[in-house]
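Fold and geometry: a report
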Amino acid sequence: MIESESGIDLGKILIHPEFFNCLNELKEKKIYLNNIPIPDSVNFNSELFPSDEGILSFIEKNLKYKLDPLAGIDLTDRGYLIAAYDESIDKFEAIEGSAYLTAHSIVFLSENDYLPLISLSLNFYTRSSIITKNSKYIQYSKDIENCRKENYIKERDVLFKNCFSQFPKNTIVFIDGPIIGGQISSYTTKLNSWMIENNLIPIFIVKNSSSNLVTDRIQEFKNKYNSDLHWSYALLKEGERTGFIQYQDLYNKDNGKIFCYIKTFNQSPQRVEFHIKTLEKYGIELLSQIIELVYYLILVQGEWKNPQIRPIAIAEKFARESIKLFNLKLSMKNLGLISTMNQERFG
């Protein structure tokens, strides 16, 4: 078991050190939150690449390959372990700004069960400099969306380095979201380097992408498809993946990745990607087998209308249930932070 081998203390919900300080500051400033949370997310899939001057190339012989799920599960028989990350976010509105309750969820697949570790954070953002005067925990920002995304990435970094530093070598870590895009690029590529230095294997899974890297840069596909998802859906049969495609930014070598699209059911394909440094360390044979493992884990989950790999689906469920279990609404009620009906109506 992972606990006895490495001393990792799993099965817990960790509360960010500034969580209750933020709540108390809201109370001091008499900021009332709506008591009905809105499920929210951080969407990096539409973020632009750092540079348009990138090179795209196919690095395998064939345009597509048939997948073998048994070859994927064979990796676990060879001693490779599996972990996954996802998050869940609730948004609470107030007249003065917005609060985001985030559950970062890591699960480790032990011999008999999924072992979770959850980290809960609370951030409040406002565009009012009056409110943030002499404030330590309420955050001022003219661009709340970018500010909260940056905080999300920083929190994820801290959790990963605290948690995964104790994980066994050769753990394959499936991460929901892209490796490169917008302001997350520098954070994620640095985190990726740290993970492979610690003998972990980070693999990023992207659903619902609007990327046009292939259809914009490969001449024979240009103007024929709405997006890369459209191209890969038309190309692939169920149980197939595209060949690996390499993107390399001309100005920053850290902004490079290898990716492929995988079609499990007759639904929109998913993009699986990893950093070029990951390929340099682990080689194309192992990474090809990990794609087969991704296919196996999607089949095991069995949701053909919303296909995703089982470890990430489990991590998402733990994140969602942790938010319910913590019951922020009760904490807000005890502190008097939930607005009355008149406050909601008339401010």
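In short, a report on the structure. Small disclaimer: the values here were computed from a predicted structure and weren't measured.

Basis of the calculations
- Residues numbered from 1 in each chain as written.
- Predicted model: local features only at pLDDT ≥ 70, side-chain atom pairs only at ≥ 80, totals over all residues.
- Heavy atoms only, no water.
- Helix = DSSP H or I, 4+ residues; strand = E, 2+ residues; numbered from the N terminus.
- Buried < 20%, exposed > 50% of the residue type's maximum accessible area, 1.4 Å probe, protein only.
- Contact = heavy atoms within 4.5 Å.
- Areas by Shrake-Rupley, 256 points an atom, 1.4 Å probe, with all protein chains shown as cover.
- Lys, Arg positive; Asp, Glu negative; His and termini not counted.
- Charge placed at Lys NZ, Arg CZ, Asp CG, Glu CD.
- Phe/Tyr/Trp six-rings, centres within 6.5 Å; stacked < 30°, edge-to-face > 60°.
- Lys NZ or Arg CZ within 6 Å of the ring centre and 35° of its normal.
- Polar contact = N/O pair within 3.5 Å; in protein donor to acceptor, adjacent residues only side chain to side chain.
- Salt bridge = Lys/Arg side-chain N within 4 Å of Asp/Glu carboxyl O.
- Core = buried A, V, L, I, M, F, W, Y, C linked by side-chain atoms within 4.5 Å.
- Disulfide = S-S within 2.5 Å.
- Arc of directions from axis to C-beta.
- Pairing = 2+ DSSP bridges.

Secondary structure assignment for the protein yields 12 helices and 14 strands. Counting the 347 residues in the protein, one finds 53% classified as buried. Considering only contacts in the protein between residues 6 or more positions apart, those separated by 24 or more positions represent 72%. Surface accessibility of the protein: about 16400 Å² in total, with carbon and sulfur atoms responsible for 48%. Between the centroid of the 40 positive side chains of the protein and the centroid of its 43 negative side chains there is a distance of 4 Å.

This brings us to unusual backbone geometry. Phi at asparagine 170 is positive, roughly 65 degrees, even though this residue is not glycine. Position of asparagine 170 relative to the elements: it lies in the loop between α5 (144-164) and β9 (171-176). Overall, asparagine 170 belongs to the partly exposed group, its relative accessible area being 31%. One non-glycine residue with positive phi stands out, namely asparagine 199, at about 60 degrees. With respect to the helices, strands and loops of the structure, asparagine 199 is situated in the loop between α6 (185-197) and β10 (201-206).

So, about the packing of aromatic side chains. For the structure on display, the rule yields 11 aromatic pairs. The rings of Phe58, Phe221, Trp231, Phe259 and Tyr261 are connected pair by pair, giving a single aromatic cluster. Positioned above the aromatic ring of phenylalanine 160 is the side chain of arginine 156, whose terminal nitrogen or guanidinium carbon lies 5.7 Å from the ring centre. Residue placement shows arginine 241 over the ring face of phenylalanine 244; its charged tip is 4.3 Å from the ring centre.

This next bit is on the side chain of serine 135. Summarising the element assignment, serine 135 is placed in the loop between α4 (129-132) and β8 (138-140). The class for serine 135 is buried, based on a relative accessible area of 19%. Engagement of the side chain of serine 135 in a polar contact is seen with the side chain of glutamate 25, the distance being 2.6 Å. In contact with serine 135, other than residues within four places in its own chain, are Glu25 and Lys29.

What follows concerns the pattern of salt bridges. For the coordinates displayed, the defined rule picks out 11 salt bridges. Where lysine 277 meets aspartate 254, a salt bridge forms, and the shortest distance between an N and an O atom there is 3.4 Å. Separated by 23 residues along the polypeptide, lysine 277 in helix α9 (residues 276-301) and aspartate 254 in the loop between β12 (245-249) and β13 (256-263) bring together distant segments of the chain. Here the salt bridges share partners, and the residues they tie into one network are Asp40, Glu145 and Arg148.

A few words now on the nonpolar core. Among the nonpolar cores identified, the biggest contains 36 residues, and Ile172, Phe174, Ile201, Ile203, Val272, Ile290 and Val294 are the most heavily contacted of them. If one sorts the elements of this core by residue count, α9 sits on top with 12 residues. Grouped together as the second largest cluster of nonpolar side chains are 30 residues, Ala83, Tyr100, Phe108 and Ile179 included.

If you walk through the whole model with that rule in mind, you get 0 disulfides. Of all cysteine sulfurs in the structure, the one in cysteine 147 sits closest to cysteine 22, which takes part in no disulfide; the separation is 12 Å. Relative accessible area serves as the criterion here: at 1%, cysteine 22 is assigned to the buried category.

Among all positions in helix α8 (residues 228-235), only Asp228, Leu229, Trp231 and Ser232 are buried. Take α8 and look down its axis: the buried residues cluster within an arc of 160 degrees, on one side only. Among the structural elements, β3 (54-58), α7 (213-217), β11 (240-242), β12 and β13 are those in contact with the buried residues of α8.

Turning our eyes to something else, we now look at the pairing of β10. Most of β10 sits out of view: 6 of its 6 residues are buried. In β10, alternate side chains face the same way, and those of Ile201, Ile203 and Ile205 on one face and Pro202, Phe204 and Val206 on the other are all buried. Alignment of β9 against β10, held across 5 bridges, turns out to be parallel. Considered in β10, the bridge of phenylalanine 174 is made with isoleucine 203. Relative to strand β14 (residues 270-275), β10 runs antiparallel, the two sharing 3 bridges. Across the sheet, the residue bridging to isoleucine 205 is valine 272, located in β14.

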